[in-house]
Amino acid sequence: QVYLVESGGGLVQPGGSLRLSCAASGSISGISSMGWYRQAPGKQRDLVARITSSGSTNYATSVKGRFTISRDNAKNTVYLQMDSLRPEDTAVYYCSAAVIRIGRYSPDDYWGRGTQVTVSS
């Protein structure tokens, strides 16, 4: 089994900052990419940012310059630093990881349960 556990969500005022963390644990041989997605009420789940094992990143246009994704490969953990938050960033944020399980040779996608981020005054 593989588990992804997010933390760091909460309520913040517009212009504020939050840092999300997601730690992967379990039967892990390696992780090829990790990322964050978000889903607002009544909308689809969309990519926020993703990072490969070598550190290459890609971001949704709406968050470029405000959000920064990073990872600690030794801890199987990915972070999302969110600055200059806006009300439209309000959503449930989900962690995702492409995990190669012990004894296997190709990655499978795993998801966390999500953490709520609310930006409001």
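Right above here is the structure, for reference.
Residues numbered from 1 in each chain as written. Predicted model: local features only at pLDDT ≥ 70, side-chain atom pairs only at ≥ 80, totals over all residues. Heavy atoms only, no water.

### Things to note about the pattern of salt bridges
Enumeration over the complete set of coordinates arrives at 3 salt bridges. When the shortest N-O distance is used, the salt bridge between Arg38 and Asp89 registers 3.0 Å. With Arg38 in strand β4 (residues 28–39) and Asp89 in the loop between β8 (77–82) and β9 (91–101), this pair connects stretches of sequence that are 51 residues apart. Per residue, the accessibility class of Arg38 equals that of Asp89, and both read buried. Arg104 serves as the salt-bridge partner of Asp108, at 3.4 Å between the closest nitrogen and oxygen. Note on Asp108: relative accessible area 29%, which makes it partly exposed. The class for Arg104 is partly exposed, based on a relative accessible area of 45%. A single network of salt bridges, built from pairs that share partners, joins Arg38, Arg66 and Asp89. (Salt bridge = Lys/Arg side-chain N within 4 Å of Asp/Glu carboxyl O. Helix = DSSP H or I, 4+ residues; strand = E, 2+ residues; numbered from the N terminus. Buried < 20%, exposed > 50% of the residue type's maximum accessible area, 1.4 Å probe, protein only.)

### Description of the sheet that holds strand β1 (residues 2–7)
The strand order across the open sheet built from 4 strands is β1-β3-β8-β7, with neighbouring strands paired in antiparallel fashion. Looking along the sheet, the strands with just one partner apiece sit at the ends: β1 and β7 (67–72). Along the sheet, successive strands turn relative to each other by an average axial angle of 15 degrees, direction set aside. In this sheet, strand β3 (residues 18–26) lies alongside β1 in antiparallel orientation, the contact comprising 6 bridges. From the neighbouring strand, Glu6 faces β3, where its bridge partner is Cys22. (Pairing = 2+ DSSP bridges. Axes fitted to C-alpha atoms, helices over the stretch in contact; angles between N-to-C directions.)

### What to know about the state of the cysteines
Here the structure, examined in full by the defined rule, presents 1 disulfide. In this model Cys22 forms its disulfide with Cys95; the gap between the sulfur atoms is 2.0 Å. Torsion about the S-S bond of the Cys22 and Cys95 cystine: about -80 degrees, corresponding to left-handed handedness. One end of the pair, Cys22, is in strand β3; the other, Cys95, is in strand β9, with 73 residues separating them in the sequence. Residue Cys22 is classed as buried on the basis of its relative accessible area, which comes to 0%. Judged by its relative accessible area of 0%, Cys95 falls in the buried class. (Disulfide = S-S within 2.5 Å.)

### Brief notes about the side chain of Arg38
For Arg38, a relative accessible area of 14% puts it in the buried group. Looking at Arg38, its side chain comes within polar contact range of the side chain of Ser62, at 3.4 Å. Looking at Arg38, its side chain comes within polar contact range of the side chain of Tyr93, at 2.9 Å. (Polar contact = N/O pair within 3.5 Å; in protein donor to acceptor, adjacent residues only side chain to side chain.)

### Remarks on the nonpolar core
Counting residues in each nonpolar core, the largest one holds 31 residues, and the members touching the most others are Trp36, Val48, Phe67, Val78, Leu80, Met82 and Tyr93. Those elements that provide at least two residues to this core are β1, β3, β4, β5 (46–52), β7, β8, β9 and β11 (115–119). When residues in this core are grouped by element, the largest group, 5 residues, is from β9. Ignoring sequence-local partners within four residues, the contact set of Tyr93 consists of Glu6, Leu20, Trp36, Tyr37, Arg38, Val48, Phe67, Leu80, Met82, Gly114, Thr115 and Val117. (Core = buried A, V, L, I, M, F, W, Y, C linked by side-chain atoms within 4.5 Å. Contact = heavy atoms within 4.5 Å.)

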